[in-house]
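Summary of the model geometry
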Amino acid sequence: MATALLFGISACSEPVPVIEGAEPTLRRLTEQQYRNVVSDLFGDHIIVSGSFDPILRQDGLVSIGAGNATISASSFDKYEKLAHSIAEQVLNEQNRGLFMPCEPARIDGPDEACARAFLEPVGRLLFRRSLDQSELSQAIDLTETASKQLGNFYEGLAFGLTSLMVSPKFLFVIDEVEDVSAENVELTVYAKAARLSFFLWNTTPDAVLLDAAESGALSTSKGLEAELGRMMQSPRLSRGVQAFFADMLHLDEFDHLEKDNLIYPAFDPQATEDAREQLLLTIEHHLLNDDADYRDLFVTRKTFMSGPLGRVYRTPVSEPDLWTPYEFADSEGRSGIQSLAGFIALHSHPGRSSPTIRGKAVRELLLCQTIPEPPADIDFSVFNEPSSQQLVARERLDVHNSVASCAGCHRLTDGIGLSLENYDGAGQYRTKDMGFEIDVSGNLDGIDYANQFGLADALSQNPAIPVCLVEQTLAYGLARKPGPEEKDWLSFLINQFAESGYRFKPLLHSVAASENFFAVTAPQLDSSAETQVGNLKTTSKGSDS
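On a predicted model such as this, the values are computed, not experimentally measured, just so you know.

A few words now on the overall build of the protein chain. For the protein chain, the helix and strand inventory stands at 24 helices and 12 strands. Buried positions account for 53% of the 545 residues belonging to the protein chain. Look at the contacts in the protein chain between residues 6 or more apart in sequence, and 69% of them connect residues 24 or more apart. Element-wise, carbon and sulfur atoms account for 51% of the exposed surface of the protein chain, whose accessible area totals about 24,400 Å².

Below is the structure:
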């Protein structure tokens with residue numbers, strides 16, 4: 001009851017619609033999840049230096065695309081080198097005292113008991129469950145062999161740790177299931193713990209959560225509520241929430257963002273990095289610290305400022321090396337996260353703004369509406385004529401609306417984007433384009449407005465804004481797009497979100513506390529199906545060979 005009150009869950013709410021769930025999945029760790037696990041187990045001082053194969057988005061989210069990601073033989077070599085680099089750092093003379101629970105009987109050879117004392121608890125956190133005897137013995141045997149050959153216990157133990165970190169059972173999050181009847185299965189308690197942890201923290205379960213799974217407490221309503229309450233109070237929740245919004249808003253695209261530094265000298269690499277961080281800090285502070293209405297994110301003037309961003313926003317910053325709270329004045333022309341430099345610059349060309357790209361981003365990322373790609377037979381020369389480049393944006397886009405095959409989609413995007421034309425391609429505020437006053441009036445789904453402040457109000461009032469967030473939160477947590485059979489549960493969550501005052505923490509709780517969050521159906525196994533991971537293989541049952 002205390003947790004329910006904390007998260008504003010109404011005691012009068014309708015019963016949660018029951019769903020059957022979907023087949024179990026197997027998902028490759030994202031780069032950020034891998035880094036988080038290493039940081040949580042061994043500390044931020046352990047350097048994770050290496051490249052990761054990108055994961056392609058599916059249904060708008062990397063977390064869903066991870067279900068299709070594989071590891072090729074060449075990529076496996078990279079993972080192996082990376083894992084050994086981490087293991088060597090963990091077990092070098094400088095760091096081993098932080099992690100070793102014992103001293104080896106001799107440093108120039110194997111010590112099975114000491115190797116076991118280190119590998120067993122570390123392996124439990126890496127595999128997100130206790131290692132079985134075979135898995136532990138393999139790591140210990142490899143440690144013993146390497147220690148003998150190298151004449152050094154710690155160098156041998158580094159190979160044992162590496163073997164755990166290249167196992168598919170670490171690199172892939174596997175929805176392991178167990179039979180509950182002839183036709184029904186359910187997630188194992190460890191798989192439930194992993195689902196919770198990656199949803200709320202974007203990392204592996206900690207020892208306390210694994211203990212709750214192992215004791216059976218996590219399978220009870222009381223035990224689940226206790227763990228949810230603890231996880232929602234943890235500092236790791238901030239990182240988890242940032243990971244979700246980075247995925248939802250496609251902030252990984254900052255890795256490839258390019259700006260013409262002759263046109264936008266203030267938008268240097270540090271400003272680019274800070275623009276991404278500003279978006280996430282603003283969202284995190286609004287939703288977690290202030291526990292405020294999600295819809296107000298699109299009208300809030302409150303944000304955080306750094307020195308590099310001060311040059312982009314053309315505002316003095318008293319402590320340029322720190323993030324400091326900042327509130328935009330009316331004269332600065334900003335309202336809502338869609339007006340922050342990060343959102344604006346990410347959805348612009350390298351050397352100029354783009355109302356179409358910005359409008360498309362608002363429609364797709366914030367409202368979950370799909371804008372079709374341009375027809376393949378479009379003659380873009382019509383829009384790229386030199387004479388068209390001498391027109392202001394609104395006049396240039398009138399050309400799109402003169403072509404019937406373009407007009408339908410551009411009517412959805414351009415009006416929104418034109419209302420953001422007070423910001424140039426780097427997100428810097430301006431009032432004129434090519435010497436002419438910029439007209440930023442528009443209409444969003446029936447609401448007329450005169451400027452970007454009106455757009456902000458229209459966005460915050462748009463019913464698709466909260467619905468989109470609930471859909472994406474559920475898809476992110478399940479690592480799949482909810483199916484039609486889950487429509488009633490989705491509607492239930494949308495109603496609960498509204499009842500809570502559109503607060504994000506109660507939404508997270510509603511999703512994670514539901515039995516539906518853990519529901520799975522029996523996998524349709526193809527006995528020949530297997531995923532090759534270097535010289536290791538994992539089958540749909542999650543076993544190595």
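What follows covers the nonpolar core. Within the largest apolar cluster, 95 residues are counted, with the highest numbers of intra-cluster contacts made by Leu 196, Leu 200, Phe 245, Tyr 294, Leu 469 and Phe 504. Here this core takes 9 residues from helix 22 (residues 464–478), the largest share from any one element. Sequence-distant contacts of Leu 469, that is, excluding residues within four places in its chain, are made with Phe 244, Phe 245, Met 248, Tyr 294, Phe 497, Phe 504 and Leu 507. Leu 82, Ala 115, Val 173 and Phe 198 belong to the second largest nonpolar core, which has 47 residues in total.

To find leftover empty space, one rolls a probe the size of a water molecule over the atoms. The final tally for this structure, using the stated rule, is 5 cavities of 30 Å³ or more. Size it by volume and the largest cavity reaches roughly 120 Å³. Along the walls of the largest cavity sit Phe 127, Arg 128, Arg 129, Lys 169, Phe 172, Val 173, Ile 174, Glu 176, Thr 188, Tyr 190, Ala 191 and Ala 194, which together make up its complete lining. Looking at the lining of the largest cavity, the elements with two or more residues in it are strand 2 (172–174) and helix 10 (189–200). Classifying every residue of the lining of the largest cavity gives 7 nonpolar, 1 polar and 4 charged. Taken together, Ala 22, Glu 23, Thr 25, Asp 175, Arg 195, Leu 478, Arg 480, Ala 519 and Val 520 make up the full set of residues lining the second largest cavity. Among the residues making up the lining of the second largest cavity, the classes are represented as 4 nonpolar, 1 polar and 4 charged.

Another point: the environment of Asp 439. Mapped onto the elements of the fold, Asp 439 is located in the loop between strand 8 (436–437) and strand 9 (442–444). For Asp 439 and Asn 451, which are 12 residues apart along the polypeptide, the C-alpha to C-alpha distance reads 7.9 Å. For Asp 439, the residues in contact, after removing those within four places along its chain, are Arg 394 and Leu 418. A polar side-chain atom of Asp 439 sits 2.8 Å from a polar atom in the side chain of Ser 441.

Alternating residues of strand 6 (residues 324–327) divide into Thr 324 and Tyr 326, all buried, and Pro 325 and Glu 327, none buried. In the sheet, strand 5 (residues 302–305) pairs with strand 6 via 4 bridges, with the strands oriented antiparallel. In the strand pairing of strand 6, Thr 303 is matched with Tyr 326.

Overall, the predicted model of the protein chain reaches an average pLDDT of 90, with 88% of residues at or above 70. Per-residue pLDDT stays below 50 along residues 1–6; that stretch engages in 5 contacts with residues further than four places along the chain or on separate chains.

A few words on the state of the cysteines. All chains considered together, the criterion is met by 2 disulfides. One disulfide bridge connects Cys 102 with Cys 114, the sulfur atoms lying 2.1 Å from each other. Across the S-S bond of Cys 102 and Cys 114 the torsion is about 100 degrees, and the bridge reads as right-handed. Taken together, the residues span a long stretch of sequence, with Cys 102 in the loop between helix 5 (96–99) and helix 6 (112–127) and Cys 114 in helix 6 at a distance of 12 residues. Looking at Cys 102, the relative accessible area reads 22%, which means it is partly exposed. Since its relative accessible area comes to 3%, Cys 114 is described here as buried.

Backbone geometry at Asp 59 places phi at a positive 50 degrees, although glycine is not the residue there. Along the chain, Asp 59 turns up in the loop between helix 2 (31–42) and helix 3 (62–65).

Before going further, it helps to examine the packing of aromatic side chains. Enumeration according to the criterion identifies 19 aromatic pairs in this entry. Taken together, a centroid distance of 5.4 Å and an interplanar angle of 75 degrees make the contact between Tyr 326 and Phe 328 edge-to-face. Since its relative accessible area comes to 18%, Tyr 326 is described here as buried. Three or more aromatic residues joined by ring pairs make a cluster, and in this case those are Phe 244, Phe 245, Tyr 294, Phe 298, Tyr 476, Phe 497, Tyr 502 and Phe 504. Above the face of the Tyr 154 ring, Arg 96 is positioned so that its terminal group lies 3.7 Å from the ring centre. Positioned above the aromatic ring of Phe 517, the side-chain terminus of Arg 195 is 5.9 Å from the ring centre.

With that out of the way, let us pick up a nonpolar patch on the surface. There is a patch of nonpolar side chains on the surface, built from Leu 142, Leu 150 and Phe 159 and spanning about 240 Å² of accessible area. Along the chain, Phe 159 turns up in helix 8 (residues 153–165). Classification of Phe 159 by relative accessible area gives partly exposed; the value is 35%.

Attention shifts here to helix 22. Each α-helix winds once per 3.6 residues, and so residues spaced three or four apart point in a common direction. Here helix 22 spans 21 Å end to end across 15 residues, near enough to the 21 Å set by a 1.5 Å rise per residue. Looking one or two residues past helix 22, Ala 479 carries a phi angle of roughly 60 degrees, positive in sign.

Definitions and limits used
Here the residue numbers are simple positions, counted from 1 along each chain's written sequence. Two thresholds apply to this predicted model, a pLDDT of at least 70 for residue-level local features and 80 or more for giving and counting side-chain atom pairs, whereas whole-chain, interface and lining totals are computed over all residues. Here the side-chain values reflect all heavy atoms present in the structure, with hydrogen atoms and water set aside. A helix here means a DSSP run of H or I that spans at least four residues, while a strand means a run of E at least two residues long, and both kinds are numbered starting from the N terminus. Partly exposed residues are those whose accessible area sits between 20% and 50% of the maximum for their type, while under 20% is buried and over 50% is exposed, using a 1.4 Å probe and protein chains only. We call two residues in contact when some of their heavy atoms are within 4.5 Å. Under the convention used here, a 1.4 Å probe and the Shrake-Rupley method define accessible areas, while residue burial counts only the protein chains that appear. Here, the term nonpolar core denotes a set of buried Ala, Val, Leu, Ile, Met, Phe, Trp, Tyr and Cys residues that are joined through side-chain atoms within 4.5 Å. With a 1 Å grid laid over protein atoms only, a set of points is called a cavity when a 1.4 Å probe fits there but cannot get out and a pocket when it is open yet has protein on both sides within 12 Å along at least five of seven lines; lining residues have an atom within 4 Å of a point. Grid points are joined across faces, edges and corners, and a volume is the space filled by probe spheres set on the points. For this classification, the nonpolar set comprises Ala, Val, Leu, Ile, Met, Phe, Trp, Tyr, Cys and Pro, the charged set comprises Asp, Glu, Lys and Arg, and every other residue, Gly included, is treated as polar. As used in this structure description, the phrase polar contact means that two N or O atoms lie within 3.5 Å; if the pair is within protein, one of them must be able to donate a hydrogen and the other to accept it, and residues adjacent in sequence are counted only when both atoms belong to side chains. In this scheme, strands are said to pair when DSSP sees at least two bridges between them. pLDDT expresses, on a scale from 0 to 100, how confident the predictor is about each individual residue. Note on terminology: disulfide denotes any pair of cysteine sulfur atoms within 2.5 Å. Only Phe, Tyr and Trp rings take part, Trp by its six-membered ring, and two of them pair if their centres are within 6.5 Å. Stacked means planes under 30 degrees apart, edge-to-face means over 60, and tilted covers everything else. To sit over a ring, a charge needs its Lys NZ or Arg CZ within 6 Å of the ring centre and within 35 degrees of the ring normal. Exposure above 30% relative accessible area and the absence of a salt bridge qualify a residue for a patch, where like charges join within 9 Å and nonpolar side chains (Val, Leu, Ile, Met, Phe, Trp, Tyr) within 5 Å. By salt bridge we mean one thing: a side-chain nitrogen of Lys or Arg within 4 Å of a carboxyl oxygen of Asp or Glu. How far a helix is expected to stretch is found by multiplying one less than its residue total by 1.5 Å.

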